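# Breakdown of the fold
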Amino acid sequence: MRILKKTLLGAIATMAAITTPALSADSVKIGMITTLSGGGSALGRDIRDGFKLAVDMRGGMLGEKKVDLIISDDARKVGNAKQIANRMLKRDKVDIMTGIVWSNLALAVVPTVTKAGKFYLSPNAGPSKLAGKGCHKNYFNVAWQNDNLHEAAGQYVNDKAHRNVYIMAPNYPAGKDALAGFKRFYKGKIAGEVYTKLGQVDYAAELANLRATKPDAVYFFLPGGMGINFVKQYAQAGLTKTTPLFGPAFSFDEGILKAVGDTAIGVFNTSQWNKDIKNAANVDFVANFKKTYGRFPSLYASQGFDTALLIDSAIRAVDGDMSKQDDFRKALKAAKFQSVRGPFKFGPNHHPIQDIYVREVYKDGDNITNRIVGKVFTNHGDVYAADCKM
Amino acid sequence: MTFYLFLEQTLNAFQLGVMLFLMAAGLTLVFGIMNMINLAHGSFYMIGAYVAAYVSDATGSFFIGVAVALPVAAAVGMAVEIIALRRLYKRDHLDQVLATFGLILFFNELTSIIWGPQALFVAIPPVFSGSVELIPGAPYPIYRLVIIGAGLIVALLMRTLIVKTRTGMLIRAGASNREMVSALGIDIDRLYTIIFGLGALLAGLAGAFAGPILATEIGMGENILILTFVVIIVGGIGSIRGALIGALLVGLVDTYGRAFLPQFLRMIFEDPSVADGVGASISSMSIYILMAVVLIFRPRGLFQAYG
């Protein structure tokens, strides 16, 4: 097994090495490490497609400067992500890095990037460690701090007067952040707190335990394929009728809803974005995404898109001169772009201050999707900002 | 923890074990008889799941979906054997790993091109939807019982095939001494292609069955492949009986670990969140601990292959 694993890693490295584009002087070089194969690849593809859409809509440019986008697949493995990051920094000499989906990978890569004096803009992962003491002037999160959507869910479940809730998340940094965030605003009893393996497929054992504790609601954070497995098995165990499910948007994104069918209808989940938010940027984004890729965007795609818009605004502010690092950073911090989610600004730790909504899963014709039914938080930041000293 | 909960978890363990057995049976034959490490076995599982999902969506019948998925998976398996893997039997294991890993990438990308990157939806066939209350207070999904039943039937059929038929005899003979078998005038190439197709068919069956309860998504095969390798190492490479016992053992250890370890640890640790964290970590290691223990006492697995 050991040899097998080593060989696998070697194979991945070889594969990745082949896909390096030619260098060109008059462009800004952006390195994107994301998950494009294996479990969780739907998330990485959405981030990539959202980001690329923004670049393509500007004729291959961001801030009037040609974009040299180098994309590499981490297959959700920390070792790969780190190796790719080193290669992009040392050999490709990228100016900006982005793309990572998973918090455990971000924790390994982001410090490497900032230490090398480059910028990292997170389109997804927002681990608490990088928001508090571990914050850095060159690290920006364009999505959320990990706790945020779960905090909103905690508040919402609390408002709905559920007093005995069973909570579940995968056993990795974002899973811990998720349940910590939920418990920060939920004031009732915890019927059970369970951490499952990242990438787990069968939840029968957990569901049997869950039923035995008789909770009056279930809150779960399981992104990607894990969410599909869980929601299906939850319904098949006959629990949907007795115990309502709540989750963050990650547990009910477009990809998951398409795969679980009618069983998710009526479920409430929290998000900073939805495709029915009415602002010019979002209407434009949703229509173009659908036209280009033939599917509706998920929140991951919206985050990838916003990341590109932020870069666009900052490059414009320095007239394409990436050597003006301080001005570039100031421009990023100012966040002068029209986010598809509506009002958006950065807090002192370079994490978003934004509104968080609650969405309901409903059937729109043949399509199962989300609609916003209320707002939980306005201008919501995160609790770790106080520990951040830049 | 009640006795009923324990019973329910045991059923869950059997169901997981049976799924693993379907995967492991094919892999162990290929590994044991051809001495070939085939990482692409998970791809046959994925192909089975996707074809079943696609056809059952198009025809409205899950059974037609499964019926089409099986020959497709077998055909893909045999084609892969004839086109690519046949050349690798004499090569080093590392070459085989590299080549079959390449096949994983190929099949994942192909699936993405044909069906798109998003997971497919598969409904439980109406006959098997719903649940029965075998255990008081815990309605159990009928579909999961069907999987257990079907898996056990496949195990019986496999046993009959291996023990009672001429093909089975050749398979056993091929496992113990392939040169002798070919010296006796048996077309060993054809035999290998048949074994490979059979393995792919079983993997496709597991995938088709998995569709309604698991996510039919790209890369679904890799998750289960790791577990499958553990199963055949525990069970003994090349042994069908070992694959069955190994699969059930892994199913039991994994399920009990996830179900009861955190509660057990709560009695030891005072802080429940520490107990949950430690429990989650140990239970995800439990099957590897099982594998290590088995390898210490039975380095060749619980059951050695024939011969």
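In this text, all values refer to a predicted model and were calculated from it rather than measured experimentally. (Residues numbered from 1 in each chain as written. Chains lettered and ligands numbered in written order. Predicted model: local features only at pLDDT ≥ 70, side-chain atom pairs only at ≥ 80, totals over all residues. Heavy atoms only, no water.)

Let us now look at the pattern of salt bridges. Residue and element names in this part refer to chain A. Per the stated rule, a full pass over the model turns up 22 salt bridges over all chains. Residue arginine 58 pairs with aspartate 312 through a salt bridge whose shortest N-O separation is 3.8 Å. Taken as a pair, arginine 58 in the loop between α2 (41-57) and β2 (61-62) and aspartate 312 in helix α12 (residues 299-317) lie far apart in primary sequence, 254 residues in all. A salt bridge links arginine 184 to aspartate 147, with the nearest nitrogen and oxygen atoms 3.0 Å apart. (Salt bridge = Lys/Arg side-chain N within 4 Å of Asp/Glu carboxyl O. Helix = DSSP H or I, 4+ residues; strand = E, 2+ residues; numbered from the N terminus.)

Glancing now at the pairing of strand β13 (residues 352-364) of chain A. Residue and element names in this part refer to chain A. Judged by how many residues are buried, β13 sits mostly within the fold: eleven of 13 residues are covered. When strand β11 (residues 268-271) meets β13, the two strands line up antiparallel, connected through four bridges. If you follow serine 271 over to β13, its bridge partner there is tyrosine 357. Two elements, strand β12 (residues 344-346) and β13, share three bridges in a ladder whose sense is antiparallel. Within β13, the residue paired with phenylalanine 346 across the bridge is proline 352. In textbook terms, the turn of a hairpin is the stretch between consecutive antiparallel strands, and for β12 and β13 this stretch comprises five residues, one of which, histidine 350, has a positive phi near 65°. Note: β13 against strand β14 (residues 367-380), ten bridges, orientation antiparallel. (Buried < 20%, exposed > 50% of the residue type's maximum accessible area, 1.4 Å probe, protein only. Pairing = 2+ DSSP bridges.)

Residue and element names in this part refer to chain A. At a minimum axis separation of 7 Å, helix α6 (residues 147-159) and helix α7 (residues 173-185) run at an interaxial angle of 35°. Here α6 runs over α7; the crossing is right-handed. Of the residues in α7, those touching α6 at Asp147, His150, Glu151, Ala153, Gly154, Gln155, Val157 and Asn158 are Asp177, Ala178, Gly181, Phe182, Arg184 and Phe185. In terms of residue class, the contact of α6 with α7 is built from five nonpolar, five polar and four charged. (Axes fitted to C-alpha atoms, helices over the stretch in contact; angles between N-to-C directions. Left-handed = near helix turned anticlockwise from the far one by under 90°. Contact = heavy atoms within 4.5 Å. Nonpolar A, V, L, I, M, F, W, Y, C, P; charged D, E, K, R; others polar.)

This paragraph deals with the domain arrangement of chain A. Residues and elements named next belong to chain A. As assigned here, chain A comprises domain 1 (2-20 + 28-144 + 278-346) and domain 2 (147-271 + 355-387). Taken together, the contact pairs 20 residues of domain 1 with 23 residues of domain 2. Interface area for domain 1 against domain 2, summed over the two sides, is near 1700 Å², with a carbon-plus-sulfur share of 65%. Three residues, Ser128, Trp144 and Leu299, lead the burial of domain 1 against domain 2; their summed loss comes to 26% of the area buried on that side. The tally of links from domain 1 across to domain 2 stands at zero salt bridges. There are one residue pair in polar contact (both at pLDDT 80 or more) connecting domain 1 and domain 2. For the side of domain 1 that touches domain 2, the secondary-structure elements that each account for two or more residues are α4 (103-115), α5 (128-131) and α12. Residue contributions to the side of domain 1 that touches domain 2 peak at three residues, all from α4. Looking at the side of domain 1 that touches domain 2, its residues break down into eleven nonpolar, six polar and three charged. (Domains from an automatic or database assignment. Buried area = accessible area lost by both parts, 1.4 Å probe. Polar contact = N/O pair within 3.5 Å; in protein donor to acceptor, adjacent residues only side chain to side chain.)

A separate point is the sheet that holds strand β3 (residues 65-73) of chain A. Strand pairing in a sheet relies on backbone hydrogen bonds. The paired strands run either parallel or antiparallel. All names here are of chain A. If you walk across this open sheet you meet the six strands as β2-β3-β1-β4-β5-β6, and the pairing is mixed. Only two strands of the sheet have a single partner each, and these edge strands are β2 and β6 (139-141). Bridge count between strand β1 (residues 27-34) and β3: eight bridges; the pairing is parallel. Of the residues in β3, the one forming a bridge with isoleucine 33 is serine 72. Strand contacts of helix α13 (residues 325-334): β4 (96-98), β5 (119-122) and β6, with the helix running at about 15° to β5, the strand carrying the most contacts.

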